[in-house]
Amino acid sequence: GAGVSQSPSNKVTEKGKDVELRCDPISGHTALYWYRQSLGQGLEFLIYFQGNSAPDKSGLPSDRFSAERTGGSVSTLTIQRTQQEDSAVYLCASSLAGQTYEQYFGPGTRLTVT
Amino acid sequence: AQSVTQLDSHVSVSEGTPVLLRCNYSSSYSPSLFWYVQHPNKGLQLLLKYTSAATLVKGINGFEAEFKKSETSFHLTKPSAHMSDAAEYFCVFSTDKLIFGTGTRLQVFP
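Residues numbered from 1 in each chain as written. Chains lettered and ligands numbered in written order. Predicted model: local features only at pLDDT ≥ 70, side-chain atom pairs only at ≥ 80, totals over all residues. Heavy atoms only, no water.

A. Seen up close, the overall build of chain B. If you tally the helices and strands in chain B, you get zero helices and 12 strands. Its C-alpha atoms give chain B a radius of gyration of 13 Å, within 12% of the compact-globule value 13 Å for 110 residues. For chain B, the C-alpha atoms occupy an extent of roughly 40 × 25 × 20 Å along the three principal directions. Counting only residues that meet the buried cut, chain B has 43% of its 110 residues in that class. Sequence-distant contacts, at least 24 apart, represent 55% of the contacts inside chain B between residues at least 6 apart. Roughly 5300 Å² of accessible area belongs to chain B as shown, and the carbon and sulfur atoms make up 51% of that amount. (Helix = DSSP H or I, 4+ residues; strand = E, 2+ residues; numbered from the N terminus. Rg over C-alpha atoms; globule rule 2.2 N^0.38 Å. Buried < 20%, exposed > 50% of the residue type's maximum accessible area, 1.4 Å probe, protein only. Contact = heavy atoms within 4.5 Å. Areas by Shrake-Rupley, 256 points an atom, 1.4 Å probe, with all protein chains shown as cover.)

Okay, structure coming up:
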């Protein structure tokens, strides 16, 4: 079956612009996660959805970052007024409810802020 | 606080020789630990998982890891490296979310 997909695969934007990153989880996976992977660093947890609710937003680095999920499926991560330090690969993962440990990751969106 | 520490940022081995990627954890209770692999330009993939059953865990592609409580370690090993093993490997701690180590880049030379 289809895996987790993310779009776009690459995004170059100018500092100060807003960007939207999209994640399509595996069908039937109720849990969805967003991570950020910066050069030379590990994965940084951003936010977690169970269904359309986000019980854990603790990883969002600032109020410029927001995410939503509709219909228990697609999720969008929005970064407003992008800064150069936002440049990273943004990864999305999904899992069955209660199976946090077995997350299936998408290929990521590489964001470059110039 | 729960955390994982990957002791080597880079490991280089020759094809056919053993692989050892080191990971230590810190936890006040029995942890759930995992190794994920990330091949270039590909998504992260679960390699193996430890969830308090057998301490020696076998994963995909011939990898295995041993949970040692006395040493607070969960090192990843493979008896014989293959060129296709070249990738970034992450030791991961699970609570209600995944906490990733900083990663170890494995290079395999012919």
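B. Representation of the interface of chain A and chain B in the model. Contact residues are listed per partner, giving 16 residues for chain A and 16 residues for chain B. Counting the surface lost from both chain A and chain B, the interface buries some 1400 Å², and carbon and sulfur atoms represent 59% of this. Among the residues of chain A in contact with chain B, Leu43, Tyr101 and Phe105 of chain A are the three that bury the most area, contributing 39% of the side total. Its salt-bridge partner being Glu102 of chain A, residue Lys49 of chain B comes within 3.2 Å of it at the nearest N-O pair. There are three residue pairs in polar contact (both at pLDDT 80 or more) connecting chain A and chain B. (Buried area = accessible area lost by both parts, 1.4 Å probe. Salt bridge = Lys/Arg side-chain N within 4 Å of Asp/Glu carboxyl O. Polar contact = N/O pair within 3.5 Å; in protein donor to acceptor, adjacent residues only side chain to side chain.)

C. The packing of aromatic side chains, seen in detail. Overall, the coordinates contain 13 aromatic pairs over all chains when judged by the stated rule. Consider the rings of Tyr50 of chain B and Phe74 of chain B, whose centres lie 6.1 Å apart with planes at 50 degrees: the pair is tilted. Placement of the pair is Tyr50 of chain B in strand β6 (residues 44-50) and Phe74 of chain B in strand β9 (residues 73-78), with a sequence separation of 24 residues. Accessibility classification places Tyr50 of chain B together with Phe74 of chain B in one group, the buried group. Members of the aromatic cluster, joined through ring pairs, are Tyr33, Tyr35, Phe45, Tyr48 and Phe105 of chain A together with Tyr36, Phe90 and Phe100 of chain B. (Phe/Tyr/Trp six-rings, centres within 6.5 Å; stacked < 30°, edge-to-face > 60°.)

D. Expanded view of the environment of Ser9 of chain A. Summarising the element assignment, Ser9 of chain A is placed in the loop between β1 (5-7) and β2 (10-13). Not counting chain neighbours up to four residues away, the residues in contact with Ser9 of chain A comprise Gly108, Thr109 and Arg110 of chain A.

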